[in-house]
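Residue-level listing of the chains:
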Amino acid sequence: MTLPETITSERLRLPLWTPEEAADILAGRQRPTWHRDYPRQDDRDAATMFHPGDPWAPRHIVRGETALGSLGFFGPPEAAPDQVPEVEVGYGLVEEARGWGFATEALRAVLAETDRAGVRVRASVEPTNAASIRVLAKCGFTELRGGNEDGNLVMARPL
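Residues numbered from 1 in each chain as written. Predicted model: local features only at pLDDT ≥ 70, side-chain atom pairs only at ≥ 80, totals over all residues. Heavy atoms only, no water.

A. Structural detail: the packing of aromatic side chains. Here the structure, examined in full by the defined rule, presents three aromatic pairs. Seen in terms of ring centroids, W34 and Y38 are 5.3 Å apart; in terms of plane orientation they differ by 75°. Their pairing is edge-to-face. Take W34: its relative accessible area is 6%, and that puts it in the buried class. Relative accessible area serves as the criterion here: at 0%, Y38 is assigned to the buried category. (Phe/Tyr/Trp six-rings, centres within 6.5 Å; stacked < 30°, edge-to-face > 60°. Buried < 20%, exposed > 50% of the residue type's maximum accessible area, 1.4 Å probe, protein only.)

Written out as structure tokens, the structure reads:
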């Protein structure tokens, strides 16, 4: 099970982070092609899980030449209780990029690839994060699995 190095959609490119970019993100350093508010704290947290060469690693969400946020998985797929390979996704954008449909578009592009790989995707979201819940609903996350240990809703998207 693998994913392309770069996933594209109509307006976006989703390239995997390089080891050098992950190091800059972890350190909170800026690059000229990154939005002034990127990386966010969530991106720095994701950088702690970065493994070079992992197709399930974090990706930039790029519009034009500017990285506006990131999307990635919390490790490679693992067999769920029903033996279907499953992975958890996380995503986020700088505040200025919110409300333009970029998160929905990026997630849909990645989901097209996970579907091809035969991998089911789940997400955890704070119950008060209405915008993210809308993104998940638009992308077909219809299975509500309750809450996790952090009090977040856990939603899954059937294959």
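Next comes the rest of the account.
B. Focus on the side chain of H35. Here H35 lies in the loop between α1 (19-27) and α2 (41-47). Of the polar contacts made by the side chain of H35, one reaches the side chain of E96; its length is 3.0 Å. Beyond its immediate chain neighbours, meaning those up to four positions away, H35 contacts Q30, T66, A67, L68, V94 and E96. (Helix = DSSP H or I, 4+ residues; strand = E, 2+ residues; numbered from the N terminus. Polar contact = N/O pair within 3.5 Å; in protein donor to acceptor, adjacent residues only side chain to side chain. Contact = heavy atoms within 4.5 Å.)

C. Molecular detail of the pattern of salt bridges. Throughout the structure, instances matching the rule amount to 14 salt bridges. Residues E86 and R120 are paired through a salt bridge, measuring 2.6 Å at the closest nitrogen-oxygen approach. Taken as a pair, E86 in strand β6 (residues 85-93) and R120 in strand β7 (residues 120-125) lie far apart in primary sequence, 34 residues in all. Exposure class is identical for E86 and R120. Each is buried. R116 is the salt-bridge partner of E113, the closest N and O atoms lying 2.8 Å from each other. One end of the pair is E113 and the other is R116, both in helix α3 (residues 102-117) and three residues apart, which spans about a single turn. A cluster of three or more residues bridged by salt bridges with shared partners is formed by D82, E86, E88, R120, R122, E143 and R145. (Salt bridge = Lys/Arg side-chain N within 4 Å of Asp/Glu carboxyl O.)

D. Expanded view of the packing of α3 against helix α4 (residues 130-138). For the pair α3 and α4, interaxial distance at closest approach is 9 Å and the crossing angle is 40°. Our classification of the angle between α3 and α4 gives oblique. Along this stretch, α3 crosses α4, giving a crossing that reads as right-handed. Facing α3, whose interface residues are A103, T104, L107 and R108, α4 presents V135, L136 and K138. Looking at side-chain class alone, the contact of α3 with α4 contains four nonpolar, one polar and two charged residues. (Axes fitted to C-alpha atoms, helices over the stretch in contact; angles between N-to-C directions. Parallel < 35°, antiparallel > 145°, perpendicular 65-115°, else oblique. Left-handed = near helix turned anticlockwise from the far one by under 90°. Nonpolar A, V, L, I, M, F, W, Y, C, P; charged D, E, K, R; others polar.)

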